[in-house]
Amino acid sequence: MRLSTDDSPADASVSGVHKDYLGSAPVRSEVADLSSIYEVNRKCIEELVKLSHRREAAAWPFAASLRDVLSPMTPAMELYAARLGILLVDLRFMSRDWWQMQGSAPARSLRPTSSRGGWSSPTATQLTRLTLVTAWHTLRANSDAACLFGMTRDVAELIASLSLTRIESLVRQLHRYVRPRWEDQPTVWRHLLLAAKTEDMRTQRALCLRSLQLLAGHTLCAQKSTSRDSCPQRVASRGVSNTVVSNHACTHNLL
């Protein structure tokens, strides 16, 4: 899988967001295969579309606000929207402390509970399993892919170190926390779903760049706030490779 390494103005706009903070970094010509991320994204969108046809959607503000664009989605539109190149599912991936607690807590100490939000427990469980297994495989193959999942490097290292047995126990315990990314910003989702209906690559590219900016900014802030390193320059440098990989993912996604 080959990626373009030429810097276009659009690509530069992403890296420029952190240029003053992150400095330069080696450019990688390859990133992990994105097909597994697309698969999780499509499952997420598919379940949201199914939910939009049910009464339960009205009880979930996020789904209710997008019902008009979710309901008419076709499988082809779902597939197109899924190819954003960024994981559309979140599992508190920017909270190092929370993941450290989950990763070290005995399974019996965490009582199972029903799913939050509008997803049923079976749907949330399936999404959690797909998300964690995809993240685990991808990060073990390429640790620089953390930003594709909206993770801090600390969380990425923790997840990559888990055993498959531990992942399965976490799936049963943590499924109630799985959420659509940017649940509090449905406008981002509206733009994504509308772009899928038109299949306008320019709109999709602009959305991808905006999404990367949101993720990179949030990740950098999370890393700074949780790092024990008192040197801001060293703290910021931990996010350099994530931003570079994200730029390449966007370029690959839209070529």
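Preceding this section is the structure that the text describes.
Source: prediction; values computed, not measured. (Residues numbered from 1 in each chain as written. Predicted model: local features only at pLDDT ≥ 70, side-chain atom pairs only at ≥ 80, totals over all residues. Heavy atoms only, no water.)

Some details on the pattern of salt bridges
For clarity, the cut-off: A side-chain nitrogen of Lys or Arg and a carboxyl oxygen of Asp or Glu constitute a salt bridge if their distance falls within 4 Å. A run of H or I in DSSP counts as a helix once it spans at least four residues, and a run of E counts as a strand once it spans at least two, with each numbered from the N terminus. A simple rule labels every residue: compare its accessible area, found with a 1.4 Å probe on the protein chains alone, to the largest value its type can have, and call it buried under 20%, exposed over 50%, or partly exposed in between.
Within this structure, the stated rule accounts for 12 salt bridges. One salt bridge connects Arg 190 with Asp 68, and the closest N-O pair in it is separated by 3.0 Å. One end of the pair, Arg 190, is in helix 11 (residues 186–198); the other, Asp 68, is in helix 5 (residues 67–70), with 122 residues separating them in the sequence. Since its relative accessible area comes to 24%, Arg 190 is described here as partly exposed. Classification of Asp 68 as partly exposed rests on a relative accessible area of 49%. Here Arg 153 ties to Asp 144 by a salt bridge, and the two come within 3.9 Å at their closest N and O atoms. By relative accessible area, which is 15% here, Arg 153 ends up buried. Each of Lys 43, Glu 46, Glu 47 and Lys 50 takes part in a single network of salt bridges with overlapping partners.

Quick notes on the packing of aromatic side chains
How we decide: Side-chain rings of Phe, Tyr and Trp (the six-membered ring for Trp) are treated as a pair once their centres are within 6.5 Å; stacked means planes under 30 degrees apart, edge-to-face means over 60, and tilted covers the remaining angles.
On inspection of all chains with the given rule, the structure shows six aromatic pairs. Ring centres of Phe 93 and Trp 99 lie 6.1 Å apart, and the angle between their planes is 15 degrees; on these two criteria the pair is classed as stacked. For Phe 93, a relative accessible area of 0% translates into the label buried. With a centroid separation of 5.5 Å and an interplanar angle of 85 degrees, the aromatic rings of Trp 98 and Trp 99 are classed as edge-to-face.

Focus on helix 9 (residues 153–160)
For helix 9, a buried count of seven out of eight residues is recorded, marking the element as mostly surrounded by other parts of the structure. Of the residues making up helix 9, those classed as buried are Arg 153, Asp 154, Val 155, Ala 156, Leu 158, Ile 159 and Ala 160.

Notes on the nonpolar core
Put simply, the test is: For our purposes a nonpolar core is just a set of buried Ala, Val, Leu, Ile, Met, Phe, Trp, Tyr and Cys residues, chained together by side-chain atoms within 4.5 Å.
Core analysis: the biggest nonpolar cluster contains 60 residues, and Phe 93, Trp 99, Leu 132, Met 151, Ile 159 and Trp 189 have the highest contact counts within it. Counting residues per element, this core draws most heavily on helix 3 (residues 35–52), which supplies eight residues.

Re the packing of helix 6 (residues 75–82) against helix 11
What counts, and what does not: Only the stretch in contact is used when a helix axis is fitted, and all axes are lines through C-alpha atoms; the angle between N-to-C directions ranges over 0 to 180 degrees. An angle below 35 degrees is read as roughly parallel, one above 145 as roughly antiparallel, one from 65 to 115 as roughly perpendicular, and any other as oblique. Each helix crossing is assigned a hand: it is left-handed if the near helix lies turned anticlockwise from the far helix by less than a right angle, otherwise right-handed if that turn is clockwise. Contact definition: two residues touch when any of their heavy atoms are within 4.5 Å. Classification convention: Asp, Glu, Lys, Arg as charged; Ala, Val, Leu, Ile, Met, Phe, Trp, Tyr, Cys, Pro as nonpolar; all other residues, Gly among them, as polar.
Running from N to C, helix 6 and helix 11 cross one another at 120 degrees; their axes reach a closest spacing of 8 Å. Between helix 6 and helix 11, the angle is such that the two are oblique. For helix 6 against helix 11, the interelement crossing comes out right-handed. Two secondary-structure elements touch here, helix 6 through Met 77, Tyr 80 and Ala 81 and helix 11 through Leu 192, Ala 195, Ala 196 and Lys 197. Its residues assigned to classes, the contact of helix 6 with helix 11 shows six nonpolar, no polar and one charged.

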